[in-house]
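Working through the structure, step by step
One-letter residues, chain by chain:
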Amino acid sequence: MTDTETAGQRPGAGTLSFARDIRPLFREMDVAEMTFLLDLTSLDDVRDYAESILERVADGSMPCDAPWESEKVELFRSWIAQGMAA
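Just so you know, these numbers come straight off a predicted model, no measurement behind them. (Residues numbered from 1 in each chain as written. Predicted model: local features only at pLDDT ≥ 70, side-chain atom pairs only at ≥ 80, totals over all residues. Heavy atoms only, no water.)

Here we come to the overall build of the protein. A count of helices and strands for the protein gives six helices and zero strands. Relative to its full complement of 86 residues, the protein shows a buried share of 36%. For the protein, the proportion of contacts with a sequence separation of at least 24, taken over those separated by at least 6, is 55%. Surface exposure of the protein reaches about 5100 Å², of which carbon and sulfur atoms provide 51%. (Helix = DSSP H or I, 4+ residues; strand = E, 2+ residues; numbered from the N terminus. Buried < 20%, exposed > 50% of the residue type's maximum accessible area, 1.4 Å probe, protein only. Contact = heavy atoms within 4.5 Å. Areas by Shrake-Rupley, 256 points an atom, 1.4 Å probe, with all protein chains shown as cover.)

Moving on, we get to the confidence of the model for the protein. Detailed reading of the predicted model is not advised wherever pLDDT is low. Within the protein, residue pLDDT values average 89, and 85% of them lie at 70 or more. Below a pLDDT of 50 lies the segment residues 1-12, which in the model reaches 16 contacts outside its immediate sequence neighbourhood of four places, other chains included. (pLDDT = per-residue confidence, 0-100.)

Tallied over the full model, the rule gives six salt bridges. Note that Arg 27 and Asp 65 form a salt bridge whose closest N and O atoms lie 2.7 Å from each other. Taken together, the positions of Arg 27 in the loop between helix H2 (18-22) and helix H3 (28-33) and Asp 65 in the loop between helix H5 (50-59) and helix H6 (70-81) put the pair 38 residues apart, joining distant regions of the chain. For Asp 65, a relative accessible area of 43% corresponds to the partly exposed category. Sharing partners across several salt bridges, the network here consists of Arg 27, Asp 30 and Asp 65. (Salt bridge = Lys/Arg side-chain N within 4 Å of Asp/Glu carboxyl O.)

In structure tokens, the structure reads:
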């Protein structure tokens, strides 16, 4: 089973959630680096900035030390498309 499958992407896995699938994508280092703008541990903040976060992770400019794998970007994109459940 791949990381993507364990994070709710396998067929029939149901709706993605922030707590189970999205929050774990952000490392403590990422959380600390972004405190000047938003709290990556906060569902409300991540919802408010979701499109901007997606743009940055998709273009590889966030996180600053290494881009996300395409599977993580697609997981985040899918969570947005599904309505950003808690």
